Amino acid sequence: MASFGKIMSAFVLGLALQGGIYYYLDQVYFAPTTDFEVTASDGQEKDGNFPDVGEGNKYYSQGHKYMAVVTQDSVKVYTAGEKTPVDIDLKGRQVSYFEWLPDRDLAIMGLYGGTEDNVVLARFDPESPEHEVDTTMEDLPSDSKIVDAAFSTATNVVYMKIKVAENAYRIYRTDANYDTRRVYMQASNIGRIAVFYDEDIFFYDNVRTGDVFMFDGTEGGWRVINPAGRYRLIGVDKDKDIYIAKVDEDDKALSVLQGRLGVGFETVDTFSSPQDLKDITVASIEKMISDKRSSDNKKQ
């Protein structure tokens, strides 16, 4: 295996190959009835340029040049217009997380298990499928796995949410200085995570207490950013707006708020009845705000 420095160097260079703005895609949820915690992240309709494959979750790359069909034990990548996929060699490991980067044809995978029983963040380039670049997390409990990631192309920082037990998670961070390490958070039952696209400012929520935290990856400081009450993180957008939901004791969303660091939050919608938190995303809130503005303009 290549030296750690070379592995991290290649990984960071892979993330920085192209410019562009990235913000966390917040539509990834975890399957509650299986150890396989990857579900289709883009919610898009079937693309006729690819074969109709029954098994696995489908992930389309930006521009739909590639389609990945992912199961717990396999990743097959199809090129548009072709019927034969590239079958990625997982080296006996299993998949816990998969996502295409939104601004290029590169994929990030969370792998675990195998002969070395380790946790790996792997980068996959369909243009050179034989070349795999891994970042390995050390000293984790057995059966730990990556279940989410928040990453920024502009800063070359990646935060990984690793499940270590039921309702218990750890956060690991890797950066442009090839430093991969655990970041200690003020929670173990962590919900959603997010990061600004151009700053090492990380967000997460404490499911147990209903607090939303901001963590400064450069300075190391943290603080609670939500108003008084129980709240959960929804995500952040490319304009660095932060979205949170006010929730009841059953973690049902009562209202959604939009805010910015140093400014505070304001309610943008209150629901007539409690809503499932999993159905609320940055995209759905932005659509709701847009629809509301259009309706208000028509009334004027």
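As the structure is a computational prediction, the values presented were derived from the model and not from experiment.

J.: So what about the overall build of the chain? Which residues, and what values?
T.: Scanning the chain from terminus to terminus reveals two helices and 20 strands. In the form shown here, the chain has an accessible surface area of approximately 14,100 Å², with 46% of it arising from carbon and sulfur atoms.

J.: Explain the environment of V69 to me, using residue names and the numbers behind them.
T.: Tracing the backbone shows V69 in strand 2 (residues 66-70). For the pair V69 and N57, spaced 12 residues apart in sequence, the C-alpha separation works out to 5.5 Å.

J.: Outline the sheet that holds strand 2, listing residues and values.
T.: The four strands are arranged 1-2-3-4 in an open sheet whose pairing can be described as antiparallel. Two strands close off the open sheet at either side, each with one partner strand: strand 1 (57-60) and strand 4 (86-87). Bridging between strand 2 and strand 3 (residues 75-79) involves five bridges; their strand directions are antiparallel. Across the sheet, residue M67 finds its bridge partner in strand 3, namely Y78.

J.: A description of unusual backbone geometry should follow, citing residues and the corresponding values.
T.: If a residue is not glycine, its phi is most likely negative; likewise, a peptide bond is most likely trans. Even without a glycine there, the phi angle at D117 is positive, about 50°. Relative to the assigned elements, D117 resides in the loop between strand 6 (107-113) and strand 7 (118-124). For D117, a relative accessible area of 44% corresponds to the partly exposed category. Unusually for a residue other than glycine, N167 sits at a positive phi of about 60°. Mapped onto the fold, N167 is located in the loop between strand 10 (157-165) and strand 11 (168-174).

J.: Before we move on, could you go through the sheet that holds strand 17 (residues 231-236) and cite the residues and values that matter?
T.: The antiparallel open sheet is built from four strands, whose spatial order is 17-18-19-20. Since the sheet does not close on itself, it has two edges, and those belong to strand 17 and strand 20 (264-276), each with one partner. Across the sheet, the mean angle from the axis of one strand to that of its neighbour is 25°, orientation sign disregarded. Inspection of the sheet shows strand 19 (residues 252-260) paired to strand 20 by eight bridges, in the antiparallel sense. Within the sheet, the bridge partner assigned to A253 lies in strand 20 and is Q275.

J.: Can you lay out the pattern of salt bridges for me, pointing to particular residues and giving the numbers?
T.: Side-chain pairing between opposite charges can occur once the charged atoms of the two side chains come close. In the structure shown here, the tally under the stated rule is 15 salt bridges. E127 serves as the salt-bridge partner of K65, at 3.2 Å between the closest nitrogen and oxygen. With K65 in the loop between strand 1 and strand 2 and E127 in the loop between strand 7 and strand 8 (132-137), this pair connects stretches of sequence that are 62 residues apart.

J.: For the packing of aromatic side chains, give the residues involved together with the corresponding values.
T.: Counted under the stated rule, the structure contains nine aromatic pairs. Measuring from centroid to centroid gives 5.9 Å for F202 and Y204, while their planes differ by 25°, and the two rings are stacked. Summarising the burial analysis for this pair, F202 and Y204 share the class buried. Ring pairing ties together the aromatic residues Y159, F202, Y204, F213 and W222, which thus form one cluster. In this structure, K161 is placed above the aromatic ring of Y169, and the distance from its NZ or CZ to the ring centre is 4.3 Å.

J.: Outline the environment of S284, supporting the account with residue identities and numerical values.
T.: The topology assignment puts S284 in helix 2 (residues 282-299). Among the polar contacts listed, one links the side chain of S284 to the backbone oxygen of T281, at a separation of 2.8 Å.

J.: Account for the side chain of N189, naming residues and giving values.
T.: Inspection of the secondary structure assignment puts N189 in the loop between strand 12 (180-183) and strand 13 (190-195). Among residues more than four places away in sequence, those in contact with N189 are N167, Y169, D205, N206, V207 and R208.

J.: Run through the pairing of strand 13, naming residues and quoting values.
T.: Among the six residues of strand 13, six are classified as buried, and the element is accordingly described as predominantly covered. Sheet topology places strand 13 next to strand 14 (residues 201-206); four bridges connect them, and they run antiparallel. Its bridge partner lying in strand 14, I190 is registered against N206.

J.: Please give an account of the confidence of the model for the chain that cites residues and values.
T.: The share of residues in the chain with pLDDT of 70 or more is 83%, and the mean pLDDT across the chain is 84. Mean pLDDT across the elements of the chain bottoms out in helix 1 (residues 4-15) (43) and peaks in strand 18 (residues 242-247) (98). For residues 1-36, every residue scores under 50 in pLDDT, and the model assigns this stretch 98 contacts once sequence neighbours within four places are set aside. Scored below 50 in pLDDT, residues 39-43 shows 14 contacts in the model against residues more than four places distant or in partner chains.

J.: So what's going on with the side chain of N206? Residues and values would help.
T.: Mapped onto the elements, N206 comes out in strand 14. On the basis of relative accessibility, which here comes to 5%, the residue N206 falls in the buried class. Among the polar contacts made by the side chain of N206, one reaches the main-chain amide nitrogen of T209 at a distance of 3.3 Å. Other than its neighbours up to four places away in sequence, N206 contacts Q186, A187, N189, D211 and F213.

Rules of the game
- Residues numbered from 1 in each chain as written.
- Predicted model: local features only at pLDDT ≥ 70, side-chain atom pairs only at ≥ 80, totals over all residues.
- Heavy atoms only, no water.
- Helix = DSSP H or I, 4+ residues; strand = E, 2+ residues; numbered from the N terminus.
- Areas by Shrake-Rupley, 256 points an atom, 1.4 Å probe, with all protein chains shown as cover.
- Pairing = 2+ DSSP bridges.
- Buried < 20%, exposed > 50% of the residue type's maximum accessible area, 1.4 Å probe, protein only.
- Axes fitted to C-alpha atoms, helices over the stretch in contact; angles between N-to-C directions.
- Salt bridge = Lys/Arg side-chain N within 4 Å of Asp/Glu carboxyl O.
- Phe/Tyr/Trp six-rings, centres within 6.5 Å; stacked < 30°, edge-to-face > 60°.
- Lys NZ or Arg CZ within 6 Å of the ring centre and 35° of its normal.
- Polar contact = N/O pair within 3.5 Å; in protein donor to acceptor, adjacent residues only side chain to side chain.
- Contact = heavy atoms within 4.5 Å.
- pLDDT = per-residue confidence, 0-100.

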